[in-house]
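One letter stands for each residue in the lines below.
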Amino acid sequence: MTDWYLLHCKARQEARAKMHIENQGYTTCLPTIRLQKTLRGKRQVVEEALFPSYLFIQIDMENANFNSIRSTRGVNGFVRFGGIPSKIPQSVIEQFQALEGQQTDPQAQFEAGAEVEIAEGPFAGLPAVYKISKGDDRCLVLLEMMGKQQQLELKEAALKKR
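These numbers were taken from a predicted model, which means no experiment stands behind them.

Chemist: How do you make sense of the domain arrangement of the protein chain when you look at a structure like this?
Modeler: Quite often, the size of an interface is put as the accessible area lost when its parts meet. Annotation of the protein chain at the domain level lists domain 1 (2-99) and domain 2 (114-161). Between domain 1 and domain 2, the C-alpha centre-to-centre distance is 39 Å.

Structure, rendered in structure tokens:
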């Protein structure tokens, strides 16, 4: 009977371990998440492992070749509790697999000049115009206040599209 187990991988080598494990005929699950990051001075959406340094593998413990799994490139070994590899419930893996094909955008990327609404803080509910990104999670917006446009620095997560 096959069950799901958890492998510990070398730092930032989950994808490498996944490829080599699958080449051996095993089924794997590597949940990922899309994040906005600043790379080379530009904001980009990147896909990273949801659980860095971990990979789920489906194997039959009675017939598995543990030496080949442990010596696979990118793999450190099984996650064990009390010397026994930890089983992962099928329902958990099914939830990860259901999320796999969905487009998840953790934060909306705004273009300069886009109309936005401030969603939280003292200016919540007010319309604004997105000006520019400033750092990893902050931005400048223009807010119509007292008859002229005021520049305001906010968390980008505090904005929503209008």
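Chemist: I keep staring at the pairing of strand E12 (residues 138-145) and nothing clicks. Help me out?
Modeler: If a strand is regular, its side chains alternate between the two faces of the sheet. Two strands pair when backbone bridges link them, and strand E11 (residues 127-134) and E12 are joined in this way by 5 bridges, in the antiparallel orientation. Counted as the bridge partner of Ile 132 is Leu 140 from E12. The pairing of E12 with strand E13 (residues 148-155) spans 8 bridges and is antiparallel. Bridging across to E13, Met 145 finds its partner in Lys 148. Adjacent in sequence and paired antiparallel, E12 and E13 are bridged by 2 residues, among which Met 146 carries a positive phi angle near 55°.

Chemist: In this structure, what is going on with the nonpolar core? I would like to understand it.
Modeler: Counting residues in each nonpolar core, the largest one holds 15 residues, and the members touching the most others are Leu 7, Ile 21, Ile 57, Ile 59 and Ile 69. Those elements that place two or more of their residues in this core are strand E1 (2-9), helix H1 (14-23), strand E5 (54-60) and strand E6 (75-78). Those residues within four positions of Ile 69 in sequence are excluded, and the remaining contacts are Leu 7, Ile 21, Gln 24, Tyr 26, Ile 57, Ile 59, Val 75 and Phe 78. Counting residues in hydrophobic clusters, the runner-up holds 11 residues, among them Phe 110, Ala 128, Leu 143 and Leu 159.

Chemist: Explain the packing of aromatic side chains here, please?
Modeler: Within a pair of aromatic rings, the relevant descriptors are the distance that separates the centres and the angle that separates the planes. For the structure shown, the criterion picks out 5 aromatic pairs. Where Phe 51 meets Phe 56, the ring centres are 6.1 Å apart and the plane angle is 80°; that geometry is what we call edge-to-face. Given a relative accessible area of 34%, Phe 51 falls into the partly exposed group. Centre to centre, the rings of Phe 56 and Phe 96 are 5.6 Å apart; their planes meet at 35°, and the pair counts as tilted. With a gap of 40 residues between them, Phe 56 in strand E5 and Phe 96 in helix H3 (residues 90-100) connect regions that are remote in the sequence.

Chemist: What exactly am I supposed to notice about H1 here?
Modeler: A turn of α-helix holds 3.6 residues, and therefore any two residues three or four places apart point the same way. Within H1, burial applies to Glu 14, Ala 17 and Ile 21. Burial along H1 is one-sided: seen end-on, the buried residues are contained in an arc of 65°. Among the exposed residues of H1, those oriented more than 90 degrees off its buried face are Ala 15 and Asn 23. Buried residues along H1 sit in contact with E1, strand E2 (27-29), strand E4 (42-49), E5, helix H2 (66-70) and E6. Looking one or two residues past H1, Gly 25 carries a phi angle of roughly 95°, positive in sign.

Chemist: So what exactly am I meant to see when it comes to the sheet that holds strand E10 (residues 115-118) here?
Modeler: Strand order in this open sheet of 5 strands is E13-E12-E11-E10-E14, and the pairing throughout is antiparallel. Strand pairing shows two members of the sheet lacking a second neighbour, E13 and strand E14 (159-161), which therefore form its edges. Strand-to-strand twist across the sheet, computed as the mean angle between neighbouring axes with direction ignored, equals 45°. As paired strands, E10 and E11 are joined by 3 bridges and run antiparallel to one another. When the bridges of E11 are listed, Glu 115 appears paired with Val 129.

Chemist: How should the environment of Glu 153 be read in this particular structure?
Modeler: You can see Glu 153 is positioned in strand E13. Expressed as a C-alpha distance, the spacing of Glu 153 and Ser 133, which sit 20 residues apart in the sequence, is 9.5 Å. If sequence neighbours within four positions are ignored, Glu 153 has contacts with Lys 134, Arg 138, Cys 139 and Leu 140. Within the structure, Glu 153 has its side chain in polar contact with the side chain of Lys 134 (distance 3.0 Å). Here the side chain of Glu 153 touches Arg 138 through a polar contact of 3.1 Å, side chain to side chain.

Quick notes on the rules
Residues numbered from 1 in each chain as written. Predicted model: local features only at pLDDT ≥ 70, side-chain atom pairs only at ≥ 80, totals over all residues. Heavy atoms only, no water. Domains from an automatic or database assignment. Pairing = 2+ DSSP bridges. Helix = DSSP H or I, 4+ residues; strand = E, 2+ residues; numbered from the N terminus. Core = buried A, V, L, I, M, F, W, Y, C linked by side-chain atoms within 4.5 Å. Buried < 20%, exposed > 50% of the residue type's maximum accessible area, 1.4 Å probe, protein only. Contact = heavy atoms within 4.5 Å. Phe/Tyr/Trp six-rings, centres within 6.5 Å; stacked < 30°, edge-to-face > 60°. Arc of directions from axis to C-beta. Axes fitted to C-alpha atoms, helices over the stretch in contact; angles between N-to-C directions. Polar contact = N/O pair within 3.5 Å; in protein donor to acceptor, adjacent residues only side chain to side chain.

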